[in-house]
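# Notes for the structure review
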Amino acid sequence: DVQVKTIAAKLLVYFAEDDETIGEVIKDEGNLREVLLILVTNQDNIMQSVAAKIIHAMVVNNRDLLMDDATMDLVETLRINAVDQEAWMLSDKILMMKNQ
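Residues numbered from 1 in each chain as written. Predicted model: local features only at pLDDT ≥ 70, side-chain atom pairs only at ≥ 80, totals over all residues. Heavy atoms only, no water.

## Points about the side chain of Asp84
Just so we agree on the cut-off: Labels follow the DSSP assignment, with helices taken as runs of H or I lasting at least four residues and strands as runs of E lasting at least two, numbered in each case from the N terminus. Buried means the residue's accessible area, taken with a 1.4 Å probe over protein chains only, is under 20% of the maximum for its type, while exposed means over 50%, and partly exposed covers the values in between. Think of it this way: Lys and Arg go in the positive column, Asp and Glu in the negative one, and His and the chain ends go nowhere. Each reported salt bridge corresponds to a side-chain nitrogen of Lys or Arg within 4 Å of a carboxyl oxygen of Asp or Glu. Here, two residues are considered to be in contact whenever any of their heavy atoms come within 4.5 Å of each other.
Among the secondary structure elements, Asp84 is positioned in the loop between α5 (69-81) and α6 (85-98). Although Asp84 is buried, it makes no salt bridge; Lys53 carries the closest opposite charge, 9.0 Å away. Once residues within four sequence positions are removed from consideration, Asp84 is found in contact with Asn45 and Gln48.

Structure (structure tokens):
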């Protein structure tokens, strides 16, 4: 199980590094929120960073998500649980986008 999660995380990191490929990840929102919740509450800075990049791409591509309670709850959870500056800063940036 740990090896499978590690491989999945590495794939997400790969997709989160490029704006074009991250667009492919966020097209299918089926279970994406559930996966993101797991990542934002994980105490691994890489997992949180990946989740932050994906959430940021989601709200940039669909600003209506800034008014979606479930999305904003996810962002708040990330900000509260952030173990490194990058994840915290991206969550803060998203919250500032909402207030603009």
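## As for the nonpolar core
Generally speaking, nonpolar side chains in soluble globular proteins are found buried as a group. The line we're drawing: Remark: nonpolar core denotes a set of buried residues (Ala, Val, Leu, Ile, Met, Phe, Trp, Tyr, Cys) joined through side-chain atoms within 4.5 Å.
Judged by nonpolar contacts, the single largest core of 23 residues is most densely connected at Leu36, Ile55 and Ile94. For this core, the elements supplying multiple residues, two or more each, are α3 (32-41), α4 (45-61), α5 and α6. The greatest single-element share of this core, amounting to 8 residues, is contributed by α4. Apart from the residues within four sequence positions on either side, Ile55 is in contact with Leu36, Val40, Leu74, Val75 and Ile94.

## What to know about the packing of α3 against α5
What counts is decided by this rule: Fitting a line to C-alpha atoms yields each axis, with helices limited to the stretch in contact; the angle taken between N-to-C directions then spans 0 to 180 degrees. Put simply, angles under 35 degrees are roughly parallel, angles over 145 are roughly antiparallel, angles from 65 to 115 are roughly perpendicular, and the rest are oblique. Whether a crossing is left-handed or right-handed is set by the direction in which the near helix is turned from the far one by less than a right angle, anticlockwise for left-handed and clockwise for right-handed.
It is the contact of α3 with α5, at a shortest axis distance of 8 Å, that shows an interaxial angle of 15°. Regarding the angle of α3 to α5, the classification is roughly parallel. The crossing of α3 and α5 is left-handed. Touching Arg33, Leu36, Leu37, Val40 and Thr41 of α3 are Ala70, Thr71, Leu74, Thr77, Leu78 and Asn81, all from α5.

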